[in-house]
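Report on the structure
The chain contents come next:
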Amino acid sequence: MSVDHITWAGEALRALDVEANRSADTHMRLFPLPAEWGIDLYVKDESGHPTGSLKHRLARSLFVHAIANGNLGPNSTVVESSSGSTAVSEAYFAKLLGLRFVAVIPEGTSPEKMRLIEQFGGVCHPVSAPTTIWEEALRLGAQADWHYMDQFANASVVTDWRGSDNIGASIFDQLSRERYPEPTWIVVGAGTGGTSATISRHCRFRNSQTRVAVVDPEGSVFYQAWAEGRNDLVSGGSRIEGIGRPRVEKSFVPTLIQHMVRVPDAGSFAAMRLLHEITGLRAGGSTGTNLYGALQIISQMREAGERGSVVILMCDGGERYLDTHYSPAWLLARGIAPEPHHAMLRGLLTTGVWVDVSDAAVDARV
Ligand SMILES: *Cc1c(COP(=O)(O)O)cnc(C)c1O
């Protein structure tokens with residue numbers, strides 16, 4: 001780095017620090033369970049970030065890391081392969097630093113997503129074949145003064161999991177005065193895999209007994225990759241935005257995961273609806289996946305006579321999905337029927353008993 005470059009990097013890191021200082025941490029909310037269960041379920045509401053999702057944390061970490069590495073300068077254009085929340089959050093930070101941001105997205109990305117990326121100052125660069133978005137981002141990123149952030153390669157590397165400024169530390173801080181301050185389980189989904197890796201490393205670092213469970217939707221390779229120790233799997237990909245991948249991403253670290261739960265899409269959408277009915281929180285589909293997996297784990301804790309606390313994340317808000325995850329027509333067109341799962345989960349909230357809801361369509365896809 002030249003001297004000018006070092007000066008710019010210092011100013012850029014300071015601007016990120018100033019932004020963090022004026023922002024608040026996210027709320028930890030309670031999902032009520034019958035008192036006699038002796039189990040507390042918490043929902044960490046990551047939709048409260050300025051860019052509306054847990055990707056706010058990732059985007060900040062990617063920028064801090066790239067700046068400290070000397071990968072960014074005052075004339076940089078940042079590029080990312082993402083059609084979703086990462087592009088929205090990165091567009092926000094790029095704008096804050098006065099940098100250009102380009103999101104390489106698959107053609108057919110919802111107009112709402114594109115609008116959000118553009119609202120935060122980003123430019124959308126659609127490509128026709130979804131499988132070529134990584135190559136296109138790599139190609140653009142190789143140009144002079146361009147930098148490819150590559151969230152799927154870097155998410156689990158760029159985040160500081162030791163210190164006090166990560167989602168794991170925040171969870172432990174916020175539970176510190178609760179009756180079960182050390183969660184028995186933290187249940188999250190994996191898109192990049194960065195969140196599960198950060199939380200699990202932080203748990204080990206602070207010598208906590210907390211276990212990390214990852215929920216995986218239909219069409220994702222992560223479950224099989226974890227169960228069989230393979231990284232060569234490919235699939236069609238997931239319908240739950242933000243989680244489940246068609247290939248084993250570099251940031252997905254199986255050794256950090258103590259348990260995985262496969263979740264049918266109908267179950268994710270049923271739990272998403274349940275969360276809204278019980279708490280008033282309107283979340284995206286991946287939050288439903290988390291809740292579905294957590295309730296299954298809680299029923300197993302009950303069976304074993306275990307007490308304690310369980311934490312899930314609310315990854316983003318439901319406003320982004322009114323035309324998709326929340327639309328009966330969208331669900332119907334895909335043959336997704338959440339009702340049986342919804343009835344089962346409702347029953348579980350009184351009986352504590354998990355009932356398998358068989359679903360031929362799911363069995364065929366998983
Ligand atoms: C990215 C994302 C996740 C998963 O987080 P990772 O850290 O990438 O594994 C879950 N839900 C939503 C909505 C996301 O955008």
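Please read all numbers here as calculations on a predicted model, not as lab measurements. (Residues numbered from 1 in each chain as written. Predicted model: local features only at pLDDT ≥ 70, side-chain atom pairs only at ≥ 80, totals over all residues. Heavy atoms only, no water.)

**Looking at the overall build of the chain**
As a reminder, the rule being used: Under the DSSP-based scheme used, a helix requires at least four consecutive residues in state H or I and a strand at least two consecutive residues in state E, with every element numbered from the N terminus. Within these notes, the globule rule equals 2.2 Å times the number of residues to the 0.38 power, and the radius of gyration is based on C-alpha atoms. Should any heavy atoms of two residues lie within 4.5 Å, those residues are counted as being in contact. Methods summary: accessible areas were calculated by the Shrake-Rupley approach with a probe of 1.4 Å, and residue burial reflects only the protein chains presented.
Broken down by element type, the chain carries 14 helices and ten strands. Taking 366 residues into account, the globule formula puts the C-alpha radius of gyration at 21 Å, and the chain, at 20 Å, falls close to it. For the chain, the spread of C-alpha atoms along the three principal axes comes to 65 × 45 × 40 Å. The long-range share in the chain, meaning contacts at least 24 apart out of those at least 6 apart in sequence, stands at 74%. Summed over all atoms, the accessible surface of the chain reaches about 15700 Å², with 50% contributed by carbon and sulfur.

**Re helix 8 (residues 194-205)**
We count it as follows: What a helix is expected to span follows from its residue count: subtract one and scale by 1.5 Å. For every residue, the accessible area (1.4 Å probe, protein chains only) is compared with the maximum for its type, and the residue is labelled buried under 20%, exposed over 50%, or partly exposed between those bounds.
The end-to-end C-alpha separation of helix 8 is 16 Å, in line with the 16 Å expected for twelve residues at 1.5 Å each. Within helix 8, burial applies to G194, S196, A197, T198, I199, S200, H202 and C203. Taken together, the buried residues of helix 8 touch helix 6 (151-158), helix 7 (167-175), strand 7 (185-189) and strand 8 (211-217). Of the residues flanking the end of helix 8, it is N207, one or two places downstream, whose phi is positive at about 55 degrees.

**With respect to the UniProt feature "modified residue: N6-(pyridoxal phosphate)lysine" (unreviewed entry) in the chain**
Counted only if it meets this: UniProt positions are given in the numbering used here, feature names are shortened, and annotations may be inferred rather than shown by experiment.
Summarizing the sequence annotation, UniProt attributes the feature "modified residue: N6-(pyridoxal phosphate)lysine" (unreviewed entry) to K55 in the numbering used throughout. For K55, the location among the structural elements is in helix 2 (residues 55-68).

**Remarks on the site of the ligand**
So the rule is basically this: Near, as used in this document, describes a residue that has one of its heavy atoms within 4 Å of the molecule or strand being considered. Any N or O atom pair separated by 3.5 Å or less is treated as a polar contact, with the protein-specific requirement of one donor-capable and one acceptor-capable atom, and with residues adjacent in sequence counted only for side-chain atom pairs. Ten residues, namely Ala, Val, Leu, Ile, Met, Phe, Trp, Tyr, Cys and Pro, are considered nonpolar, four, namely Asp, Glu, Lys and Arg, are considered charged, and the remaining ones, Gly among them, are considered polar.
Inspection of the region around the ligand gives 16 residues, with K55, G191, T192, T195 and S286 positioned closest. K55 is positioned such that a nitrogen or oxygen atom in its side chain is 2.7 Å from an oxygen atom of the ligand. Here a nitrogen atom of the ligand sits 2.8 Å away from a polar atom, N or O, in the side chain of S286. Taken by itself the ligand offers 380 Å² of open surface, and the protein chains cover 96% of this. Among the residues making up the shell around the ligand, the classes are represented as four nonpolar, nine polar and three charged.

**Points about helix 2**
Along its 14 residues, helix 2 runs 20 Å from first to last C-alpha, staying within 8% of the 20 Å computed at 1.5 Å per residue. Most of helix 2 is tucked away, with ten of its 14 residues classed as buried. Where helix 2 is buried, its residues contact helix 1 (3-22), strand 3 (77-81), helix 3 (85-96), strand 6 (146-148) and helix 6. Positive phi appears at G70, one or two residues downstream of helix 2, with a value of about 80 degrees.

**A word on the nonpolar core**
Definition in use: Only buried residues count toward a nonpolar core, which is a set of Ala, Val, Leu, Ile, Met, Phe, Trp, Tyr and Cys residues joined through side-chain atoms within 4.5 Å.
Counting residues in each nonpolar core, the largest one holds 33 residues, and the members touching the most others are L41 and L295. Among the elements of the structure, strand 2 (39-45), strand 7, strand 8, strand 9 (259-263), helix 10 (265-279), helix 11 (285-303), strand 10 (308-314) and helix 13 (339-351) are those that each provide at least two residues to this core. Per-element tally for this core: the top contributor is helix 11, with seven residues. When near neighbours in sequence (up to four residues on either side) are disregarded, L295 contacts L33, L41, L274, L345, L348, L349 and W354. Core analysis: the second largest hydrophobic core is formed by 30 residues, A12, A91, F93 and C124 among them.

**Side note on the packing of helix 2 against helix 3**
Which entries qualify depends on this criterion: Orientation is described by lines fitted to C-alpha atoms, with helices fitted over the stretch in contact, and by angles between N-to-C directions that extend from 0 to 180 degrees. Convention used here: angles under 35 degrees read as roughly parallel, angles over 145 as roughly antiparallel, angles from 65 to 115 as roughly perpendicular, and any remaining angle as oblique. Note: crossing handedness is left-handed where the near helix turns anticlockwise from the far helix by less than a right angle, and right-handed where it turns clockwise.
Here helix 2 crosses helix 3 at 50 degrees, and the two axes come no closer than 8 Å. As far as their axial angle goes, helix 3 and helix 2 are oblique. The hand of the helix 2/helix 3 crossing is right-handed. For the pair helix 2 and helix 3, contact is made by K55, H56, L58, A59, R60, L62 and F63 and by S85, T86, S89, E90, Y92, F93 and A94, respectively. Considering only residue class, the contact of helix 2 with helix 3 consists of seven nonpolar, four polar and three charged.

**Looking at the pattern of salt bridges**
Note the following rule: Any Lys or Arg side-chain nitrogen located within 4 Å of an Asp or Glu carboxyl oxygen qualifies as a salt bridge.
A complete count under the given rule lists 18 salt bridges for this structure. For E112, the salt bridge goes to R115, with nearest N and O atoms at 3.3 Å. Taken together, the positions of E112 and R115, both in helix 4 (residues 111-119) and three residues apart, correspond to about one turn of that helix. In this structure E112 comes out as partly exposed when scored by relative accessible area, which is 29%. Taken together, the shared-partner salt bridges connect D25, K44, E46 and R57 into one network.

**Here we look at the domain arrangement of the chain**
How big an interface is tends to be expressed through the accessible area that disappears when the partners come together. Inclusion rule: Note that the domain bounds reflect an automated or database-derived domain assignment. Simply put, the buried area is the total loss of 1.4 Å probe accessible area from both parts when two parts are fitted together.
What the domain assignment reports for the chain is domain 1 (9-50 + 162-365) and domain 2 (55-156). Placing the centre of domain 1 and that of domain 2 at their C-alpha centroids yields a distance of 25 Å. Contacts between the two partners involve 33 residues from domain 1, matched on the other side by 25 residues from domain 2. Buried surface at the junction of domain 1 and domain 2, both sides included, amounts to about 2400 Å², of which 58% is carbon and sulfur. Ranking the residues of domain 1 by area buried against domain 2 places L16, T192 and R320 at the top, with a combined share of 27%. Scanning the region where domain 1 abuts domain 2 turns up four salt bridges. For E19, the salt bridge is made with R60, and the minimal N-O distance between the two is 2.3 Å. For the pair domain 1 and domain 2, the interface holds 13 residue pairs in polar contact (both at pLDDT 80 or more). Contributions of two or more residues to the side of domain 1 that touches domain 2 are made by helix 1, helix 7 and helix 8. Residues that form the side of domain 1 that touches domain 2 fall into these classes: eleven nonpolar, nine polar and 13 charged.

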